[in-house]
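One letter stands for each residue in the lines below.
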Amino acid sequence: MVKGVPSEDDFGSSHSERDQGRGWQQGDISYGYRGRDSRSNLFVLRSGEVVYFIACVVVLYRPGGGPGGPGGGGQRHYLGHTDCVRCLAVHPDGVRVASGQTAGVDKDGKPLQPVVHIWDSEKLHKLQEIGLGVFERGVGALAFSVSDQGNFLCVVDDSNEHMLSVWDWNRGTKLVEIKSTNDSVLAVGFNPRDSSCIVTSGKSHVHFWNWSTGGGALGSGGLTRKQGVFGKYKKPKFVPCFVFLPDGDILTGDSEGTILTWGRSLPDSRTPGRGGAKETFGIVAQTRAHEGSIFALCLLRDGTVLSGGGRDRRLVQWGPGLTALQEAEIPEQFGAVRAIAEGLGSELLVGTTKNALLRGDLTQGFSPVIQGHTDELWGLCTHPSLNRFLTCGHDRQLCLWDGECHALAWSLDLKETGLCADFHPSGKVVAVGLNTGRWLVLDTETRDIVSDFTDGNEQLSVVRYSPDGMYLAIGSHDNTIYIYSVSCDGAKCSRFGRCVGHSSFITHLDWSKDGSFIMSNSGDYEILYWDVAGGCKLLRNRYESRDREWATYTCVLGFHVYGVWPDGSDGTDINSLCRSHNERVVAVADDFCKVHLFLYPCARAKAPSRKYGGHGSHVTSVRFTHDDSHLISLGGKDASIFQWRMLGGGGPGPAPPTPSRTPSLSPASSLDA
């Protein structure tokens, strides 16, 4: 019989519906930056904070070290979005920020519409929300006007026609809207000298828009378009970026590695604007700048321009007449340049296509301050005695993270997809399961592979050491659990036996505290128990194992955790589960971008929980750190890693929390609140 079941009063009846995102505090750091597939994603605010996004979270990062380090450091977070953020724009005052999100669906399958939030970066308070029910699929590009104190916001959505609209964002009023183009739009911007002139660029085009106000009444006019003519110059496949120069000219960077200078021509009386006939633009110069595409252009305070290359990974500073002044190359491990922002003094911030954020200058070079994975994440394990954790996924990278310094300790190319991992109790080695049936044991200090085995030819979903470190269990998609004897130092393994009896692939498993028994789950929702010490025998009477004490509890199906499942679940809604080491709470990762916290044991239907957002994709794994001070969660396709700080109910020992000291989460490190 399961004893000590918490009552609903322990959490309060409203906690399961409460938005816990607002509880994030200023503090540590978030692991990851979305540079692989997004633009307009890196800016520096008036406060000196760097603003960027990952998943549903907009991160405000203060360079200068971690919390308490030299010059401050740490992060704050804007958490108002309900789905992945795709673009940013910063108001001319350097305080207010606009962020646009993509469309999505909630847990009931109802669509979540794309929207733009305008918010105060000092107070993290939402000032305005625009476009609900107007934008389709997502928000692709944003820009504030400049010449009129930033009163207007231009938005391009991700619909087939890439609708371009101009808003009086203070009033939440749409002033004008027009079909832009059927081709991708990658950038938009107001002319800083004249808000009636808007430029867009993207697939095979540069468009110059004149915004007419119909005789002065805002919103009563329309938008007229002039297509940039390439003429004798080769028409590029993409124009990912542009920048306005102080003299009024425009520079565009394209997929041919070329910077084109667009100069002003005589006014055209056929395209009136707010001030009468408007000037148009034509190409006046061409500069060969990079090998491969140019992804970013940035106008610096001294009037020079920085360009960032794709294939060549070069940063080049250009002076008057586009003469090259100096350059630097980004190390290959960080990928191509995605975005550039000018920091304080001579400092530059560079976002890369491998989801890294670099800091430095052209003379001294660049070093990473934020790093992340670039593809779907599944493998996660925490160190048995240190605040460290290890992750792996579809990008084939195995990464060890320092949860104290909030930094990447090391990474290793596995050459194959990593799906699961577990530290030996000594912490000296770690086992990693791959998608080919192969599994490795690595020395955590030298990163050398000390054991290399293959069991079957199907993917491995779980690896787990026994609490004494004498055995290693490998759960495979061939329906088998492979058991290995392990040497004292964890470096050598030898086959001990196999647990055969599941009729579907293994999903989760746990060892008993005495290291003699295993509880396992499978893809067809079976719960089986195994006597490993007795020869890997299947225990037919499952109820005999009902009150057995388990060293860990990560099985999503079990007597002690059946209350975590919501009504109407199809059995795949929960991807991961983890009991805290003090056996007070259970963390759950679901398919609807949420992390839940339940009291343990959770053996009653419809158990209350606390719910936490931030991920923009299914949450694939959760694990507590060795001292239960933090919880680590992995996003799937958003490639995000969040580190949450436990509030209340901490400390060692399996004692139930009191209602006044109910454990909860606050994003701490990477989602470290």
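Residues numbered from 1 in each chain as written. Predicted model: local features only at pLDDT ≥ 70, side-chain atom pairs only at ≥ 80, totals over all residues. Heavy atoms only, no water.

Trainee: Explain the pattern of salt bridges here, please?
Mentor: Once the charged atoms of two side chains with opposite charge are near each other, the side chains can pair. Tallied over the entire structure, the rule returns 23 salt bridges. One salt bridge connects Arg76 with Glu49, and the closest N-O pair in it is separated by 2.8 Å. Placement of Arg76 in strand 4 (residues 75-78) and of Glu49 in the loop between strand 1 (43-44) and strand 2 (50-54) is noted, with a sequence separation of 27 residues between them. Each member of the pair, Arg76 as well as Glu49, carries the same accessibility label: buried. Ionic pairing is found between Glu129 and Lys126, a salt bridge with its closest N-O pair at 3.0 Å. Among the residues examined, Lys126 registers a relative accessible area of 37% and is labelled partly exposed. (Salt bridge = Lys/Arg side-chain N within 4 Å of Asp/Glu carboxyl O. Helix = DSSP H or I, 4+ residues; strand = E, 2+ residues; numbered from the N terminus. Buried < 20%, exposed > 50% of the residue type's maximum accessible area, 1.4 Å probe, protein only.)

Trainee: I'm lost on the nonpolar core in this one. Help?
Mentor: Generally speaking, a soluble globular protein has its nonpolar side chains buried in company with each other. Ranked by size, the top nonpolar core spans 30 residues in total, and within it Leu42, Tyr52 and Phe624 carry the most contacts. Elements with a minimum of two residues in this core: strand 2, strand 3 (57-61), strand 29 (337-342), strand 32 (365-370), strand 50 (585-590), strand 51 (595-599), strand 53 (619-624) and strand 55 (641-647). Those residues within four positions of Phe624 in sequence are excluded, and the remaining contacts are Thr382, Cys578, Arg579, Ser580, His581, Val585, Ala587, Leu597, His630, Leu631 and Met646. Counting residues in hydrophobic clusters, the runner-up holds 19 residues, among them Tyr529, Trp550, Val564 and Cys602. (Core = buried A, V, L, I, M, F, W, Y, C linked by side-chain atoms within 4.5 Å. Contact = heavy atoms within 4.5 Å.)

Trainee: I'm lost on the environment of Asp194 in this one. Help?
Mentor: Mapping Asp194 onto the fold places it in strand 16 (residues 194-202). In this structure Asp194 comes out as partly exposed when scored by relative accessible area, which is 22%. Here the alpha-carbon distance between Asp194 and Val146, two residues 48 residues apart in the chain, equals 8.0 Å. Engagement of the side chain of Asp194 in a polar contact is seen with the side chain of Ser196, the distance being 2.7 Å. (Polar contact = N/O pair within 3.5 Å; in protein donor to acceptor, adjacent residues only side chain to side chain.)

Trainee: What should I look at first to understand the UniProt feature "repeat: WD" (unreviewed entry) in the chain in this one?
Mentor: Residues annotated in UniProt with the feature "repeat: WD" (unreviewed entry) correspond here to residues 370-402, 453-487, 499-532 and 612-646. Secondary structure content for residues 370-402 is 0% helix and 58% strand, while the C-alpha to C-alpha distance between its ends is 12 Å. Along residues 499-532 the backbone is 0% helical and 56% strand, and the end-to-end C-alpha distance reaches 8 Å. (UniProt positions renumbered as here; feature names shortened; annotations may be inferred.)

Trainee: I keep staring at the pairing of strand 5 (residues 85-90) and nothing clicks. Help me out?
Mentor: Regular strands show a simple pattern: their side chains alternate between the two faces of the sheet. Pairing analysis gives 5 bridges linking strand 5 to strand 6 (residues 96-101), with the strands arranged antiparallel. Looking across to strand 6, one finds that Leu88 is bridged to Ser99. Hairpin connection between strand 5 and strand 6: a loop of 5 residues separates the two successive antiparallel strands, and Gly94 in this loop has a positive phi of roughly 70 degrees. (Pairing = 2+ DSSP bridges.)

Trainee: Would you explain the sheet that holds strand 25 (residues 294-299) in this entry?
Mentor: For sheets, the rule is that strands pair by backbone hydrogen bonds, running either parallel or antiparallel. Judged by pairing direction, the sheet is antiparallel, and its 4 strands sit side by side in the order 25-26-27-28 without closing on themselves. The two strands at the open ends of the sheet, each matched to only one other strand, are strand 25 and strand 28 (324-329). Each neighbouring strand pair of the sheet contributes to a mean axis angle of 15 degrees, computed without reference to strand direction. The pairing of strand 27 (residues 314-318) with strand 28 spans 5 bridges and is antiparallel. Counted as the bridge partner of Val316 is Glu327 from strand 28. (Axes fitted to C-alpha atoms, helices over the stretch in contact; angles between N-to-C directions.)

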